[in-house]
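This is what each chain is made of:
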Amino acid sequence: MARLQEYKCPCCGGSIAFNSGLQKLKCDYCDTEFEVEQLEAYDQALSATTPADQFDWQTQSAEWYGSGEEGMRLYVCNSCGGEIVGDENMAATACPFCGNPVVIMGQYAGDLKPDYVIPFKLDKAAAIKAMENHLSGKRLLPAPFKDKSHLESITGVYVPFWLFDATVTADINYKAEKLNSWSDSSYRYTQTQHFNVSRSGTLNFEKVPVDGSKKVDDKLMESLEPYDYSQLTDFRTAYLAGYLADRYDVDDTSAFERANERIKKSTEDAFRATVEGFSSVTVADSTVRATQGSRKYALLPVWFLNTMWEGQNYNFAMNGQTGKFVGDLPLDKKALRRWRWLLTLGIAAAVFLVSVLFWKISH
Amino acid sequence: MKTKSGKHTNLFKRLCLSAAVALLCALFTLAAAATDGSSSASGKTYVHDLAGLLSDSERASLEAKLKDVSSRTGIDVGLLTDDDYTSDYAAQDRADLFAEQNFSEDNVLLFIDLSPDRTDRYWHISTSGLGITVLTDSGIDEIFDELEAKSYGGYTSQISAFASKVSEFTDYYRENGEPYEPGVDRALHPVRKGIFSAVIGFFSSLIATVNMKSKLKSVSSAVNAERYKAVNSLNVSGANELFLYSNVTRAPIVVSTSTGRSGGGSSTHHSSSGHTHGGGGRHF
């Protein structure tokens, strides 16, 4: 059975969770604070535990869900005996009955252990405040959205990421032209000089992030970039206490494809910038090969917020370290029309008045 | 008791007085009659019909019209008709004649010169001062076009149209700060100004609303990995620029021929007395 790690206060036995404000673990009951390192003992078991994959959970899930809800796992809370349900990737959660934070050690054991984590720097209150800011000052947002939409859920999640280092080799050929023109009394002359331009070389990239969870929208995660990598710390399960976490389910080879796309674009732009002094440059052919250097597995903090409005689901996310808040908002079509008419008439009237006054004053 | 000589003295005195009054009245009437048409309180006569083209009533109505236009526009508008077919040179002298008549420096004068047998007419407009500015060469062309078109209506309608046009051009000038130039880039007519403002308004509002709309969207895929480039890691190991060939094309320079007066404005010349006049003439 995969070990469920619960974080209990050594003083009073209450559950403790990672406090982003203090950057320490804090007991909700006796207010005692603990450095993350103090609970390192818990992590020593990680290397000893067999990775969760190795266990056959099929029979268990089949018994419970009958109709074939594949990939669901069942755990039992050590504190209250309540059943905790999660998918095969769930790595950290809270018991739905007693609220105790639990970490499923198997998900991070052995090879699956993350290299880095950026701990949460901003708490739930900050996320809600950021949401309020995000909704304010948007003239075309339907007014009821701010009032009537209620947060369906707000959860702090450590999202698994792959961070890729890569070395790119590029070999690009361009067709370029230089233009000269002059004229005499009867003709205008244009001289076009045609060139073949080539550039080759290498370019390095560091820690290009790719979302390693299928469940999480890649676009949403890319919109939250950048994370400040100077705050990457060695992984300790204690950071996860009080938050949700998943292990990756997109392997690094598949994830690298996405990194490759972005890397390729940046490389082409970088080399193109070295071709100077021509009036026009077009790419004739391009070979850009990225070789994956080292790759790191990191857990990065994200606050997910979810609202329902007029039958539609709206997803928002906040970078748990930098506070960057993103999420698409609905458009109030009536307000748009109103603004268009108002501005057209207003500006037209103003321009007309100014032009009339301008003439009157200067004459 | 009145003596017989005293009665005679009184009578004589009265007779002298009445005679003096009568003489004065006659003099005034003569003075009035000396000028063609009715004289205005300011002493200016606007219509000088030496060729006798107009009847008394026509002259009177035109005098009133020209006086009205002159006072409204601030530019004195005068008319001189003559059946002595003369050249430009003499016409300028006659413009000075109006000046001596207390016409202001800002004036527009219409001369109608008939050939002695009255078969040919030479219409000539002379402008001075503000008149030069208000009536540009192309504006004068337009006036002549209008006068030619109104030939069927007789001199009264033509001269009246002339006065109206001067009034129109002056209004335009005062409103827009630029003289009326048909066929040349001219200051925006109020309606055009309105359309122009509406177009600006439309595009500005479009830009503003697109900007507002874009604020609602904050989720998008990353385009590149710019942030993750290792600093100074770009190593260009091979760079080559190979010249292939060159070709030269040429295009003939098109000389645009301007039809009519493309520059606009008013051409002027100096008269024998040293005044500057603008204007133009046409036979019809």
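Residues numbered from 1 in each chain as written. Chains lettered and ligands numbered in written order. Predicted model: local features only at pLDDT ≥ 70, side-chain atom pairs only at ≥ 80, totals over all residues. Heavy atoms only, no water.

Draft legend 1. Structural context of the environment of Leu135 of chain B. All names here are of chain B. When you line up the elements, Leu135 lands in the loop between α4 (130-134) and α5 (137-149). Sequence separation between Leu135 and Ser266 is 131 residues; the distance between their C-alpha atoms is 7.1 Å. Look past the residues within four positions of Leu135 in its chain and what remains in contact with it is Val108, Ile125, Thr127, Ile140, Ile143, Val166, Phe169 and Ser266. (Helix = DSSP H or I, 4+ residues; strand = E, 2+ residues; numbered from the N terminus. Contact = heavy atoms within 4.5 Å.)

Draft legend 2. Representation of the sheet that holds strand β6 (residues 268-270) of chain B. Residue and element names in this part refer to chain B. Spatial strand order, β1-β2-β3-β4-β7-β6: six strands in an open sheet with mixed pairing. Of all the strands in the sheet, the pair left with one neighbour each is β1 (47-49) and β6. Averaged over all pairs of adjacent strands, the angle between their axes in this sheet comes to 25 degrees, without regard to strand direction. Of the strand pairs in this sheet, β1 and strand β2 (residues 76-82) are connected by three bridges, and their pairing is parallel. Bridge assignment links Asp49 to a residue of β2, and that residue is Thr81. Contacts from helix α2 (residues 56-73) reach β1 and β2, with the element oriented near 150 degrees to β2. Sitting on the sheet, helix α6 (residues 154-176) touches β2, β3 (107-114) and β4 (121-128), and the angle it makes with β3 is about 155 degrees. (Pairing = 2+ DSSP bridges. Axes fitted to C-alpha atoms, helices over the stretch in contact; angles between N-to-C directions.)

Draft legend 3. Structural context of a nonpolar patch on the surface. Residues and elements named next belong to chain B. A surface patch of nonpolar side chains, amounting to about 480 Å² of accessible area, comprises Val191, Ile195, Val199, Phe202 and Phe203. Relative to the helices and strands, Val199 resides in helix α7 (residues 190-214). Under the relative-accessibility criterion, Val199 is labelled partly exposed at 39%. (Patch = residues over 30% accessible without salt bridge, like charges linked within 9 Å, V, L, I, M, F, W, Y side chains within 5 Å. Areas by Shrake-Rupley, 256 points an atom, 1.4 Å probe, with all protein chains shown as cover. Salt bridge = Lys/Arg side-chain N within 4 Å of Asp/Glu carboxyl O. Buried < 20%, exposed > 50% of the residue type's maximum accessible area, 1.4 Å probe, protein only.)

Draft legend 4. The sheet that holds strand β3 (residues 24-27) of chain A, seen in detail. All names here are of chain A. Read from one edge to the other, the open sheet built from three strands follows the order β2-β3-β4, with strand pairing classed as antiparallel. The two strands at the open ends of the sheet, each matched to only one other strand, are β2 (16-19) and β4 (33-34). Pairing analysis gives two bridges linking β3 to β4, with the strands arranged antiparallel. Among the inter-strand pairings, Lys26 is bridged to a residue of β4, identified as Glu33.

Draft legend 5. Here's a closer look at a positive patch on the surface. A cluster of like positive charges, contributed by Lys219, Lys333, Lys334 and Arg337 of chain A together with Lys213 and Lys217 of chain B, occupies part of the molecular surface. Element by element, the count of residues in the positive patch is highest for helix α7 (residues 333-362) of chain A, at three residues. Residue placement: Lys334 of chain A occurs in helix α7. (Lys, Arg positive; Asp, Glu negative; His and termini not counted. Charge placed at Lys NZ, Arg CZ, Asp CG, Glu CD.)

Draft legend 6. Structural context of unusual backbone geometry. All names here are of chain A. The peptide bond linking Glu225 to Pro226 adopts the cis configuration, its omega dihedral lying at 5 degrees. With respect to the secondary-structure elements, Pro226 resides in the loop between α5 (218-223) and β12 (233-234). A positive phi angle, near 60 degrees, is found at Asp31, a position not held by glycine. Structurally, the position occupied by Asp31 is in the loop between β3 and β4. The phi dihedral of Glu310 is positive, around 50 degrees, even though this residue is not glycine. Turning to its location among the elements, Glu310 is positioned in the loop between β14 (280-309) and β15 (312-319).

Draft legend 7. Seen up close, the pairing of β15 of chain A. All names here are of chain A. Bridge count between β14 and β15: eight bridges; the pairing is antiparallel. Each residue of the ladder has a partner; that of Thr307, found in β15, is Tyr314. Where β14 folds back on β15, the antiparallel hairpin that results is connected by two residues, among which Glu310 adopts a positive phi of roughly 50 degrees. When β15 meets strand β16 (residues 325-326), the two strands line up antiparallel, connected through two bridges. Bridge pairing links Met318 to Phe325 in β16.

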